[in-house]
There are 4 protein chains.
Amino acid sequence: MKQYDALKQEAYEANMQLPKLGLVLFTFGNVSVADRSNKVFAIKPSGVPYENLNPKKMVIVDFDAKIIEGQLRPSSDTKTHAILYKYWEGINSIVHTHSTYATAWAQSQLDIPILGTTHADHTTSVIPCAPPMSDDMIKRDYETETGYQIINCFTERKLDPSETEMMLVGNHAPFTWGATSHKAVYNAAVLEEVAKMAYLTLQINSAAPSLKSTLINKHYERKHGPDSYYGQ
Amino acid sequence: MKQYDALKQEAYEANMQLPKLGLVLFTFGNVSVADRSNKVFAIKPSGVPYENLNPKKMVIVDFDAKIIEGQLRPSSDTKTHAILYKYWEGINSIVHTHSTYATAWAQSQLDIPILGTTHADHTTSVIPCAPPMSDDMIKRDYETETGYQIINCFTERKLDPSETEMMLVGNHAPFTWGATSHKAVYNAAVLEEVAKMAYLTLQINSAAPSLKSTLINKHYERKHGPDSYYGQ
Amino acid sequence: MKQYDALKQEAYEANMQLPKLGLVLFTFGNVSVADRSNKVFAIKPSGVPYENLNPKKMVIVDFDAKIIEGQLRPSSDTKTHAILYKYWEGINSIVHTHSTYATAWAQSQLDIPILGTTHADHTTSVIPCAPPMSDDMIKRDYETETGYQIINCFTERKLDPSETEMMLVGNHAPFTWGATSHKAVYNAAVLEEVAKMAYLTLQINSAAPSLKSTLINKHYERKHGPDSYYGQ
Amino acid sequence: MKQYDALKQEAYEANMQLPKLGLVLFTFGNVSVADRSNKVFAIKPSGVPYENLNPKKMVIVDFDAKIIEGQLRPSSDTKTHAILYKYWEGINSIVHTHSTYATAWAQSQLDIPILGTTHADHTTSVIPCAPPMSDDMIKRDYETETGYQIINCFTERKLDPSETEMMLVGNHAPFTWGATSHKAVYNAAVLEEVAKMAYLTLQINSAAPSLKSTLINKHYERKHGPDSYYGQ
């Protein structure tokens, strides 16, 4: 068995979850999975339909986005993934989709407010929407700069990427991540559902208040705190 | 056959209806079923994906939420179920989901108004939305207090839990129940549909009036009154 | 073969289309099919889940709603069907559902305006919404009076039930019909789609104008007029 | 093998994608595929349900809409297809649907604004909505005039049909096209998704600004420009 076969297999399986969960139309999404010991990640090849994917088609790339192994061109978003792995050491998998409701929030250029416990079960923060990128950034190395835009957004807002594992790039679409590929894909589906619920809530009551901090903390901590009691 | 095998089987089957009816994403929901003669109930284990469930994984708990039988930790919402069984003697099954439209109404902190016969076929009341819990309640025993919040809401509004078998906890999500697990799950699906219809109705006509009392009573009584003539 | 076996078979098959087309939750709908030579119709039994239906369970009823053949109680809406068959001689099948978007319009108590060719392909009129029934009518024979409410709505508006084969009962839900069971069920699905499109159109542009009469007539006549050229 | 068998097969397969992608209810759509060397195209027969289609039922028509081969009457929209093939030499396949969100925009008589990169990945322009046709046009040869309405819209707005491969006919529904049948069908699904996202975006934030030109050009060119780097 070759060195990266298991990594490619995991990346393949994670990518195949996106159409199954209804998060992508055609090829509008990609998942990568990192091998931190070798400082590389496996990512979906660019523009290949999900029904034609197999583990061998995954591309191995290092954290400078240099291709290490693979016959196909990697996702056009590869440099964004590379930057995030390079700067955020706690994450091991990244998901990018254009899922419908999360993308609508990104296009609206608004943070997704924290309106209920479904949201607070996953993060204590709003889902941040980074502003659209500056013309300078767009004209430089666009995908690399998209990575910096994401990181700058978290730095400026003092958010921790291991606590808030999802965000929106304004005018563009969502990115999620996690310590495992399972968690990163899970987060992509949760974000889409939270985005839909927030949309509906504000349609029903445009003055719906944010969740109060006691409830935010209670729900987050019962799932994630040192005294968590959710799960097995 | 062990004492609680049939109860576990019923709880398992009822839980498996939730993903089939589109009411849950991942593990966002749980069903319990009570055995009143033994003052216990069977409930889903916490955080276990539906595809990994089986009847043996159900947990048997008494009405003080003490584990009677089972290898796994029960749902983190177990104490809420226990309180409801303890105080509401007519109910034998409880369902909690984060279904999309019902949760959006809970997040909006508004009762679902009674706008049509689909609603009146199931209850003569609005679907009540309990206010978000006080900071004191949240900091005490959160899940037990959630049970009291539900009961207090019904007491204050003079609602009968055997007539109105569904409600929303503000900022959180819906709870439904019934005399049987079949009815409790049925109610969870009906609530989601009624929540969606009410949302759409008010988007189409924000001044849509409530159903008049003659029509409410007619529809409720043809299904539930002493002279009901619906069903076999 | 018994006298009404073919009629029961047709009614069974038409009823089974409702869940397949996504028009019903649980038992919220029914189809009947008439045999005009014998002045009877076959209709779904009341409250029986679709998965438990079979042709033998259909109930044969005459146009005064008297049961002619069948072991089960017929749909609680049977008298409404009977009145429509009695007064509208051109129709041979009736469908009643609580499909989501059409029911939301019924709850909003508004006609569905004619906003595009998808609507005009099926009727030149708005989809009329009859007002909620008077208290007197509700307290009399409710289901019979529902039939009269539908007929009165068409009479007052000078609509022809063989041209406009769909309508809404205010606060309640849609009824559709046709010369065949295939057409009546088809109309139920078309109404739901037209209701959804009209809802979305007015959300996008609350001032969207009605279709002009030249376009209404062109589309209706290319499908239904004496010089129609749609279909084979 | 007969001369047009391969063309009919391709048209059949492309038509069958429409229900699979959720773009049509019943028979509300059609795909044609051109053979430019023989100046003909294959198109779906009128009003035939998708489940009854087969390649032999496709109709071969020339660019003046004269039937060349086939037992069935071609789609009632055939003349619209013929006009587009005649005047727009770069296109080899045309799709017409009444897909829900795109049709709602057509009924609202508004262009779909360019609000995000999902849109800009496919065209740098708004999705144009041609005005409803004049009474004169409707009364003349309606389907031929629909073709001219589409072409006039592109001419007046100086749009290039090989760059913007989708549009709306006001009050009616969408048309898409492409260099291949695969691309034309792909565009129909993309349009529906972009229409849904734009609708949701403006519901969330009615003041959501259009995408800025640097981002429009970046996204379009990474997929379509001379230095494109998307796909294999």
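Residues numbered from 1 in each chain as written. Chains lettered and ligands numbered in written order. Predicted model: local features only at pLDDT ≥ 70, side-chain atom pairs only at ≥ 80, totals over all residues. Heavy atoms only, no water.

Asker: I keep staring at the relation of the copies chain A and chain B and nothing clicks. Help me out?
Answerer: One copy of the chain maps onto the second through a rotation around an axis plus a translation along that axis. Relative to chain B, chain A is turned by 90 degrees and slid 0.0 Å along the rotation axis, the superposed coordinates differing by an RMSD of 0.0 Å. The two molecules are tied by a four-fold rotation axis, judged by turn and shift. Among all C-alpha atoms of chain A, that of A:Gln203 lies closest to the rotation axis, at 5.6 Å. Interface overlap between copies: only 6% of the residues of chain A at the interface are likewise at the interface in chain B, consistent with a contact formed by different surfaces. (Least-squares fit on C-alpha atoms with pLDDT ≥ 70 in both. Contact = heavy atoms within 4.5 Å.)

Asker: Even after reading the chapter, I still don't get the sheet that holds strand E5 (residues 93–97) of chain A, so can you show me in this structure?
Answerer: Within a sheet, neighbouring strands are paired by backbone hydrogen bonds and run either parallel or antiparallel to one another. All names here are of chain A. Read from one edge to the other, the open sheet built from eight strands follows the order E4-E3-E2-E1-E5-E8-E7-E6, with strand pairing classed as mixed. The open sheet has two free edges, formed respectively by strand E4 (67–69) and strand E6 (129–130), since each of these has just one partner strand. In the sheet, strand E1 (residues 29–35) pairs with strand E2 (residues 40–43) via four bridges, with the strands oriented antiparallel. Bridging across to E2, Ala 34 finds its partner in Phe 41. In the packing of helix H1 (residues 5–20) onto the sheet, contacts are made with E1, E2, strand E3 (59–62), E4 and E5, and the angle to E1 comes to roughly 155 degrees. (Pairing = 2+ DSSP bridges. Helix = DSSP H or I, 4+ residues; strand = E, 2+ residues; numbered from the N terminus. Axes fitted to C-alpha atoms, helices over the stretch in contact; angles between N-to-C directions.)

Asker: Help me understand the environment of D:Thr97, please; the structure alone is not making it clear to me.
Answerer: Residues and elements named next belong to chain D. Its place among the elements puts Thr 97 in strand E5 (residues 93–97). The spacing of Thr 97 and Gly 29 is 68 residues in sequence and 4.1 Å in space, taken between C-alpha atoms. With sequence-adjacent residues up to four places away left out, Thr 97 is seen in contact with Leu 18, Leu 23, Val 24, Phe 28, Gly 29, Ala 173 and Pro 174. Reaching out from Thr 97, the side chain makes a polar contact with the backbone nitrogen of Ser 99 at a distance of 3.0 Å. (Polar contact = N/O pair within 3.5 Å; in protein donor to acceptor, adjacent residues only side chain to side chain.)

Asker: Any chance you could explain the side chain of D:Lys44 here in plain terms?
Answerer: Residues and elements named next belong to chain D. Tracing the backbone shows Lys 44 in the loop between strand E2 (40–43) and strand E3 (59–62). Buried Lys 44, no salt bridge; nearest opposite-charge side chain is Asp 77, N-O distance 8.8 Å. Separated by 3.0 Å, the side chain of Lys 44 and the backbone oxygen of Val 48 make a polar contact. Look past the residues within four positions of Lys 44 in its chain and what remains in contact with it is Asn 15, Thr 27, Gly 29, Asn 30, Val 31, Tyr 50, Leu 53, Met 58, Pro 74 and Ser 75. (Buried < 20%, exposed > 50% of the residue type's maximum accessible area, 1.4 Å probe, protein only. Lys, Arg positive; Asp, Glu negative; His and termini not counted. Salt bridge = Lys/Arg side-chain N within 4 Å of Asp/Glu carboxyl O.)

Asker: Looking at this structure, how should I read the pattern of salt bridges?
Answerer: Enumeration over the complete set of coordinates arrives at 36 salt bridges over all chains. Among the ionic pairs, B:Asp77 bridges to A:Arg222, the shortest N-O distance being 3.2 Å. Of this pair, B:Asp77 sits in the loop between strand E4 (67–69) and helix H2 (78–87) while A:Arg222 sits in helix H8 (residues 213–224), placing the two residues on different chains. A:Arg222 matches B:Asp77 in its accessibility class, with the two residues each being buried. The shortest N-O distance in the salt bridge between D:Arg140 and D:Glu145 comes to 3.1 Å. Each of A:Asp77, A:Glu143 and D:Arg222 takes part in salt bridges that share partners, so that together they form one network.

Asker: Would you mind going over the interface of chain A and chain B with me for this structure?
Answerer: For interface size, the figure often reported is the accessible area lost on association. At the interface, 35 residues of chain A touch 34 residues of chain B. Note on chain A versus chain B: buried area summed over both sides is about 3100 Å², and carbon and sulfur give 57% of it. In terms of surface lost to chain B, no three residues of chain A exceed A:Ile204, A:Tyr230 and A:Gln232, which account for 20% of the buried area on that side. Our count for the contact surface shared by chain A and chain B stands at three salt bridges. Two residues, A:Arg222 and B:Glu143, come together in a salt bridge whose shortest N-O distance is 2.5 Å. Applying the counting rule to chain A against chain B returns 20 residue pairs in polar contact (both at pLDDT 80 or more). Taken together, the elements giving at least two residues each to the side of chain A that touches chain B come down to helix H4 (117–120), helix H7 (181–204) and H8 of chain A. Considered class by class, the residues forming the side of chain A that touches chain B number 16 nonpolar, twelve polar and seven charged. (Buried area = accessible area lost by both parts, 1.4 Å probe. Nonpolar A, V, L, I, M, F, W, Y, C, P; charged D, E, K, R; others polar.)

Asker: How should I be thinking about unusual backbone geometry in this particular structure?
Answerer: Glycine aside, a negative phi is what most residues show, and trans is what most peptide bonds show. All names here are of chain B. Phi angles above zero are rare outside glycine, and Phe 26 is one such case at about 50 degrees. Within the secondary structure layout, Phe 26 lies in the loop between helix H1 (5–20) and strand E1 (29–35). Judged by its relative accessible area of 27%, Phe 26 falls in the partly exposed class.

Asker: Please clarify how the sheet that holds strand E4 (residues 67–69) of chain C should be interpreted in this entry.
Answerer: Residue and element names in this part refer to chain C. Read from one edge of the open sheet, eight strands run E4-E3-E2-E1-E5-E8-E7-E6, paired in mixed fashion. Strands at the two margins of the open sheet, each flanked by one partner only, are E4 and strand E6 (129–130). The sheet contact formed by strand E7 (residues 166–169) and strand E8 (residues 174–178) spans three bridges and is antiparallel. Bridge pairing in E8 places Leu 168 opposite Pro 174. Seen against the sheet, helix H1 (residues 5–20) touches strand E1 (29–35), strand E2 (40–43), strand E3 (59–62), E4 and strand E5 (93–97) and runs at an angle of roughly 155 degrees to E1. Across the sheet, helix H3 (residues 100–108) touches E6, E7 and E8, and the angle it forms with E7 is around 50 degrees.

Asker: Looking at this structure, I do not really get the pairing of E1(B). What am I missing?
Answerer: Two faces, one strand: in a regular strand the side chains alternate between the faces of the sheet. Residues and elements named next belong to chain B. In terms of burial, E1 is a largely internal element, seven of the seven residues being buried. The alternating pattern of E1 places Gly 29, Val 31, Val 33 and Asp 35 on one face and Asn 30, Ser 32 and Ala 34 on the opposite face, and all of these are buried. Count of turn residues in the E1/strand E2 (residues 40–43) antiparallel hairpin: four residues, of which Lys 39 carries a positive phi of about 55 degrees.

Asker: Would you explain the state of the cysteines in this entry?
Answerer: Any covalent bond linking the sulfur atoms of two cysteines counts as a disulfide. Residues and elements named next belong to chain C. Evaluated as defined, the whole model comprises zero disulfides over all chains. Take Cys 129: it sits in no disulfide, and the sulfur closest to it among the cysteines is that of Cys 153, at 7.9 Å. The exposure class of Cys 129 is buried, given its relative accessible area of 6%. (Disulfide = S-S within 2.5 Å.)

Asker: Hey, could you run me through the environment of D:Tyr229 in this one?
Answerer: Along the polypeptide, D:Tyr229 turns up in the segment after helix H8 (213–224). For D:Tyr229, a relative accessible area of 25% translates into the label partly exposed. The residues contacting D:Tyr229, other than those within four sequence positions of it, are A:Ser46, A:Arg73, A:Ser76, A:Glu143, D:Lys218 and D:Arg222.

Honestly, it's all geometry; don't read function into it.
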